[in-house]
Structure formats: C-alpha cells, structure tokens
Amino acid sequence: MPRLTPSSSKAPSQRQLRVAELIRHAIADILQRGEIMDPVLEGKVITVPEVRMSPDLKVATVYVMPLGGGDGEAVIKALASHAKYLRGLIARRVTMKYAPNFRFLIDTTFDYASKVDTLLRQPDVSRDLEQKLPGQEEDEE
C-alpha cells in the first residue's frame with residue numbers, strides 16, 4: 001500500500017514549533033540590534049509575531065509587522081533582499097543541521113481581528129448574542 005504524504009492542513013509538529021520559536025527570537029533580536037544595515041529598516045520597530053517552519057525545516061515563513069503598520073511592502077522587500085545575510089546570522093545563533101531559507105510576509109492577524117471585532121459590535125449581531133437560548137437559565141447571584 002502506498003505511503004500517505006502529509007497534507008498541508010496537518011498541524012505542525014513539536015519540533016517545527018520549537019525551531020520556529022528559536023528562529024523567531026533570533027530574528028527579533030537581530031532586528032532589535034539593527035544588525036541589518038538598510039535605509040528602509042533603519043529607525044523602524046519591526047515585530048515578528050510568528051514564524052512557521054516547513055515539515056523538513058528548510059523553509060521558514062516569517063510574518064513581520066512594522067510598528068504602526070506603515071511601509072509594510074517596503075519592509076518586506078528590504079528583508080527579502082537581505083535574506084541570505086540573515087540566514088548566515090541565524091546559522092551562527094541557532095544550532096541546526098541546515099539553516100532555513102526565509103520567506104517574509106506581512107502579518108494580517110491584527111487586521112482580521114479588527115474585522116471580527118467590528119462585525120461583533122454591529123447592532124444586529126450584538127442583539128443576537130445577548131439573546132438567551134431556550135432552556136438556558138439566568139445566573140442567580
């Protein structure tokens with residue numbers, strides 16, 4: 001019987017999560033110290049909320065967000081142009097067999113959370129959320 005290949009919807013392994021967190025901390029430290037010399041990155045505070053590793057640990061997708069949300073595309077281009085240099089810095093800090101290649105993306109979770117919050121605050125939705133279900137008793141204090 002043929003072996004099943006892992007699907008992309010499969011949850012990441014403990015190893016993937018551990019390595020991703022090590023790389024996230026290393027990248028955040030490098031950006032905080034200003035070790036990448038680029039005029040676009042100078043003076044910007046860039047957060048690294050998440051890193052996702054491929055199952056073989058050879059590709060790291062780094063989600064970044066500049067503080068204030070402005071110039072996101074310029075920051076992504078600047079980081080992508082320094083990806084090989086960053087890979088060398090990470091190889092010295094994180095002990096791995098192979099240093100991963102990096103892909104940089106803008107973190108959109110804050111935008112998504114804002115949209116959900118806006119939807120939940122609409123009068124129709126809040127009215128529906130406040131209604132009690134049949135058979136549900138009120139809390140007595």
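None of the values given here were measured: they were computed from a predicted structure.

**Considering the overall build of the chain**
Part 1 of the reasoning: A count of helices and strands for the chain gives 5 helices and 3 strands.
Part 2 of the reasoning: Traced from its N-terminal end to its C-terminal end, the chain shows the element sequence α-β-β-α-α-β-α-α.
Part 3 of the reasoning: Here the chain holds 141 residues, and the buried ones make up 28% of them.
Part 4 of the reasoning: As presented, the chain carries roughly 10800 Å² of accessible surface, and 53% of it is formed by carbon and sulfur atoms.

**A look at helix H1 (residues 14-33)**
Part 1 of the reasoning: Between the first and last C-alpha of H1 there are 29 Å, a value that for 20 residues agrees with the 28 Å anticipated at 1.5 Å per step.
Part 2 of the reasoning: All buried positions along H1 are accounted for by Gln-16, Val-19, Ala-20, Ile-23, Ala-26, Ile-27, Ile-30 and Leu-31. Buried residues of H1 fall within an arc of 130 degrees about the axis and therefore sit on the same side. Away from its buried face by more than 90 degrees, H1 exposes Gln-14, Gln-32 and Arg-33.
Part 3 of the reasoning: Elements that come into contact with the buried residues of H1 comprise strand S1 (46-53), strand S2 (59-66), helix H2 (72-81), helix H3 (83-93) and strand S3 (101-106).
Part 4 of the reasoning: Downstream of H1 by one or two residues, Gly-34 has phi in the positive range, about 70 degrees.

Cut-offs applied
Residues numbered from 1 in each chain as written. Predicted model: local features only at pLDDT ≥ 70, side-chain atom pairs only at ≥ 80, totals over all residues. Heavy atoms only, no water. Helix = DSSP H or I, 4+ residues; strand = E, 2+ residues; numbered from the N terminus. Buried < 20%, exposed > 50% of the residue type's maximum accessible area, 1.4 Å probe, protein only. Areas by Shrake-Rupley, 256 points an atom, 1.4 Å probe, with all protein chains shown as cover. Expected span 1.5 Å × (residues − 1). Arc of directions from axis to C-beta. Contact = heavy atoms within 4.5 Å.

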